[in-house]
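Remarks on the overall topology
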Amino acid sequence: MKLKQTKKNLCSRTNIDFIPGCFHALQLAYNKNYSRLTRNCCRAVFSLPTTCVLLVYPGKTYPITTFRLICIYSDPPPASSPSIL
């Protein structure tokens, strides 16, 4: 299934950009590196409509459902909390 790549279909990155490092983690996750993906980042992904596409690299968009599946099957850890000494 190929989605039309119009501005209308682009996902808003507001929620993703709100989580520090989330966008970069999604770029890495698309390339099968799940080490920086967190539950908070995945929550941001699931806040987006299933019909939008995420502009990951210039000229490269991917359906947000791709990242939802990555979040489901990679089982990301919770965001790390600063340790109290």
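Reference entry: report on the structure contained in this document. (Residues numbered from 1 in each chain as written. Predicted model: local features only at pLDDT ≥ 70, side-chain atom pairs only at ≥ 80, totals over all residues. Heavy atoms only, no water.)

Digging into the packing of helix H3 (residues 39–46) against helix H4 (residues 64–74)
Contact geometry for H3 and H4: axes closest at 9 Å, N-to-C directions at 145 degrees. Viewed along their axes, H3 and H4 form a crossing whose handedness is left-handed. Across the interface between the two elements, Cys 42, Val 45 and Phe 46 from H3 touch Ile 64, Phe 67, Arg 68, Cys 71 and Ile 72 from H4. In the contact of H3 with H4, the residues fall into 7 nonpolar, no polar and 1 charged. (Axes fitted to C-alpha atoms, helices over the stretch in contact; angles between N-to-C directions. Helix = DSSP H or I, 4+ residues; strand = E, 2+ residues; numbered from the N terminus. Left-handed = near helix turned anticlockwise from the far one by under 90°. Contact = heavy atoms within 4.5 Å. Nonpolar A, V, L, I, M, F, W, Y, C, P; charged D, E, K, R; others polar.)

Some thoughts on unusual backbone geometry
At Lys 32, a residue that is not glycine, the phi angle is positive and equals roughly 70 degrees. Considering the arrangement of structural elements, one finds Lys 32 in the loop between helix H2 (22–30) and H3.

Focus on the environment of Lys 60
Tracing the chain through its elements places Lys 60 in strand S2 (residues 60–63). Classification of Lys 60 as partly exposed rests on a relative accessible area of 45%. (Buried < 20%, exposed > 50% of the residue type's maximum accessible area, 1.4 Å probe, protein only.)

Notes on the packing of aromatic side chains
Tallying each qualifying case throughout the model produces 2 aromatic pairs. Ring centres of Tyr 30 and Phe 67 lie 6.1 Å apart, and the angle between their planes is 45 degrees; on these two criteria the pair is classed as tilted. Residue Tyr 30 is found in helix H2, and its partner Phe 67 is found in helix H4; the two are separated by 37 residues along the sequence. Residue classification places Tyr 30 among the partly exposed residues on the basis of a relative accessible area of 30%. Note on Phe 67: relative accessible area 0%, which makes it buried. An aromatic cluster of at least three residues, connected via ring pairs, comprises Tyr 30, Tyr 62 and Phe 67. (Phe/Tyr/Trp six-rings, centres within 6.5 Å; stacked < 30°, edge-to-face > 60°.)

Description of H3
Each full turn of the α-helix corresponds to 3.6 residues, which orients residues three or four apart in the same direction. By the burial criterion, the buried members of H3 are Cys 41, Cys 42, Ala 44 and Val 45. Projected onto a plane normal to the axis of H3, the buried residues spread over an arc of 155 degrees and lie on a single side. Those residues of H3 hidden inside the fold are in contact with helix H1 (14–18), H2 and H4. (Arc of directions from axis to C-beta.)

Re the state of the cysteines
Across all of its chains, the model carries 3 disulfides by this definition. The residue that forms a disulfide with Cys 42 is Cys 71, at a sulfur-sulfur distance of 2.1 Å. Across the S-S bond of Cys 42 and Cys 71 the torsion is about -90 degrees, and the bridge reads as left-handed. Taken together, the positions of Cys 42 in helix H3 and Cys 71 in helix H4 put the pair 29 residues apart, joining distant regions of the chain. Each member of the pair, Cys 42 as well as Cys 71, carries the same accessibility label: buried. Described in terms of the sequence order of its bonded cysteines, the disulfide pattern of the chain is 1-5, 2-3, 4-6. (Disulfide = S-S within 2.5 Å.)

Everything listed here is a matter of coordinates, which is why it stays silent on function.
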